[in-house]
Amino acid sequence: MPHAELKYSSDLEIDAKAILAEIEAVILEHDSGAGACKGRAYPAEQFHHSHIAITVTLLTKPHRDEAFSIALLTDLESRIKARLIQPCEFSLGLSYSAPFYVTNFHAG
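Note that the structure is a prediction, hence the values are computed from the model and not measured. (Residues numbered from 1 in each chain as written. Predicted model: local features only at pLDDT ≥ 70, side-chain atom pairs only at ≥ 80, totals over all residues. Heavy atoms only, no water.)

(A) Expanded view of the pattern of salt bridges. Scanning all chains against the criterion turns up six salt bridges. Its salt-bridge partner being E5, residue R40 comes within 3.1 Å of it at the nearest N-O pair. Residue R40 is located in strand β2 (residues 38-44), and its partner E5 is located in strand β1 (residues 3-9); the two are separated by 35 residues in the primary sequence. Residues R64 and D31 are paired through a salt bridge, measuring 2.8 Å at the closest nitrogen-oxygen approach. (Salt bridge = Lys/Arg side-chain N within 4 Å of Asp/Glu carboxyl O. Helix = DSSP H or I, 4+ residues; strand = E, 2+ residues; numbered from the N terminus.)

Dropping the structure here:
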């Protein structure tokens, strides 16, 4: 169950829902069993320089090795940048959850 977060300066015209959907699509192209990518976006009213910072976190799996990670990161970068219409600083991080991490559905 991947997670993605977008943090960006509010002067940027960002279609956060489209970028989050693109991130999910790219992950599923690389790993069809990854599941839905939970996404959140946070525009910042107060900032210093126009920028977007994206973090994508996945569960650790044996097939998600260095080659997988490099290929995924490369595709994420190109596909996300294709959705950015203004110049800005760009940061993208891919990480894997620690071994002591719980993720599931709470039915309340």
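(B) Structural context of helix α2 (residues 66-81). Relative to the 22 Å expected for 16 residues at 1.5 Å per residue, α2 spans 22 Å between its end C-alpha atoms, a close match to the ideal helical length. The complete set of buried residues in α2 reads F68, S69, L72, L76 and I80. For α2, the arc enclosing every buried residue in end-on projection is 90 degrees, short of the 170-degree limit, so these residues lie on one face. Exposed residues on α2 whose side chains face more than 90 degrees from its buried face are E66 and A67. Residues of α2 that are buried sit in contact with α1 (16-30), β3 (51-58) and β4 (89-96). The N-capping residue of α2, defined by a side-chain oxygen 3.4 Å from the backbone nitrogen of A67, is D65. (Expected span 1.5 Å × (residues − 1). Buried < 20%, exposed > 50% of the residue type's maximum accessible area, 1.4 Å probe, protein only. Arc of directions from axis to C-beta. Contact = heavy atoms within 4.5 Å. Polar contact = N/O pair within 3.5 Å; in protein donor to acceptor, adjacent residues only side chain to side chain.)

(C) Main features of the sheet that holds β2. As summarised here, the arrangement of the four strands in space is β2-β1-β3-β4, forming an open sheet in which the pairing is mixed. Looking along the sheet, the strands with just one partner apiece sit at the ends: β2 and β4. Between one strand axis and the next, the sheet turns through 10 degrees on average, direction left out of account. Here β1 runs beside β2; their pairing, made up of seven bridges, is parallel. Paired with K7 across the two strands is Y42, which belongs to β2. Here α1 sits on the sheet and contacts β1, β2 and β3; the angle it forms with β1, its principal contact strand, is near 145 degrees. On top of the sheet, α2 reaches β3 and β4; it is set at about 145 degrees to β4, its chief contact. (Pairing = 2+ DSSP bridges. Axes fitted to C-alpha atoms, helices over the stretch in contact; angles between N-to-C directions.)

(D) Region of interest: the environment of P2. Of note, P2 is situated in the segment before β1. For P2, the contacting residues outside a window of four places in its chain are I27, A34, G35, A36, C37, K38, T57 and L58.

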